[in-house]
Amino acid sequence: MTQRPQSPPRWPRRNFVLALGGATVLGGAVGLPGRAQARSPAADEGPRLVAVPHVAFGAIVAAIAGTDVELAIDPSLPLATMRLGKGTVSVADRLLLKGSGATRRHYLDDARNAPKLGAAVRDQLRAQWPELGDELARRHNTWSRALVRNILRWTQTLGRSGLRGKRVRDPLGFIYLLEWAGAKVADDGIEPPAGLRDAPHQPSAATADAYDRYVQVLVDAVG
């Protein structure tokens, strides 16, 4: 049996785009697709296992890794951590984190965090499985270019919401979205937009399209 070569050391990368980026499925994640069949370079190496803490994070991994990894959602992982094979890596240094408790996990409600997370995912996957380097780079470029166009459009829509400069309460846990719209979250602020009462707190599936639809729903709820 051919032994798997040692993975090279991980290295940090800051080459990401800014717009103005083996666990089973656990918890109550809704609409997750079935675990993709991994394409290993050699049959005896087994699947490339990637686990992330929530569905939106999984959508970013799926956009970049495609079916080259076997993806799972493991809510027990820290909010900005990936498990690659048997090891874990943090990508928290790439992200702007806000709020506290469960709200803190929703950093991808502000889609400007997504290109930064995407660059970190690309770099970590390439460090773990260097044979995927070209495909990861190609998928990342395609996805990030389309995402940045959407971010610009969403930012313009949020700018017309009338929240810029206003103090707004956040009883529903949408601090990332409200501050993206220019509001200042404060306990003594005005009520948040009524549309947020029925807004989802995660994409319906761990796919790039589902993530785009999710952000669009949030933006529409504010605008």
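About the cut-offs
Along each chain, residue indices are assigned from 1 in the same order as the chain's sequence is written. Under the rules for a predicted model, residues below a pLDDT of 70 receive no local features and side-chain atom pairs below 80 are neither given nor counted, while totals for whole chains, interfaces and linings still include all residues. Side-chain calculation: all heavy atoms of the structure are included, whereas hydrogens and water are not. Helix axes are fitted only over the stretch in contact, all axes being lines through C-alpha atoms; the angle between N-to-C directions runs from 0 to 180 degrees. Segments assigned H or I by DSSP are reported as helices when at least four residues long, segments assigned E as strands when at least two residues long, and all are numbered from the N terminus. Between 65 and 115 degrees an angle is taken as roughly perpendicular, under 35 as roughly parallel, over 145 as roughly antiparallel, and anywhere else as oblique. Residues are treated as being in contact if the distance between any of their heavy atoms lies within 4.5 Å. Classification convention: Asp, Glu, Lys, Arg as charged; Ala, Val, Leu, Ile, Met, Phe, Trp, Tyr, Cys, Pro as nonpolar; all other residues, Gly among them, as polar. What makes a crossing left-handed is the near helix being turned counterclockwise from the far one by less than a right angle; a clockwise turn instead makes it right-handed. In this analysis, strands are considered paired if DSSP registers two or more bridges between them.

Q: Lay out the packing of helix H3 (residues 133-159) against helix H5 (residues 208-222) in plain terms, naming residues and giving numbers.
A: Between H3 and H5, whose axes approach to 10 Å, the crossing angle comes to 10 degrees. Considered as vectors, H3 and H5 are oriented roughly parallel to each other. Mapping the contact onto sequence places Trp143, Leu147, Asn150, Arg153, Trp154, Thr157 and Leu158 in H3 and Ala208, Tyr211, Asp212, Val215, Gln216, Val219 and Val222 in H5. Class assignment of the residues belonging to the contact of H3 with H5 gives a composition of nine nonpolar, three polar and two charged.

Q: Go over the packing of helix H1 (residues 55-65) against helix H2 (residues 113-128) with me, naming the residues and quoting the values.
A: Across the interface, H1 lies against H2 with an axial gap of 9 Å and an inter-helix angle of 55 degrees. Here H1 lies oblique to H2, going by the angle between them. Considering how the two elements wind past one another, H1 and H2 form a crossing that is right-handed. Across the interface between the two elements, Phe57, Ile60, Val61, Ile64 and Ala65 from H1 touch Ala114, Leu117, Gly118, Val121, Arg122 and Leu125 from H2. By residue class, the composition of the contact of H1 with H2 is nine nonpolar, one polar and one charged.

Q: Can you explain the sheet that holds strand S4 (residues 87-90)? Please cite residues and give values.
A: Read from one edge to the other, the open sheet built from four strands follows the order S2-S1-S3-S4, with strand pairing classed as mixed. The open sheet has two edge strands with one neighbour each: strand S2 (70-73) and S4. Neighbour-to-neighbour, the strand axes of the sheet open up by a mean angle of 25 degrees, direction not taken into account. Both strand S3 (residues 81-84) and S4 contribute to a ladder of four bridges, which runs antiparallel. When the sheet's bridge partners are listed, Met82 is paired in S4 with Val89. Helix-sheet contacts for H1 involve strand S1 (49-52), S2 and S3, and the interaxial angle to S2 is about 170 degrees. Where H2 meets the sheet, its contacts fall on S1, S3 and S4, and the angle it forms with S3 comes to roughly 20 degrees.

Distances and angles like these do not, on their own, reveal function.
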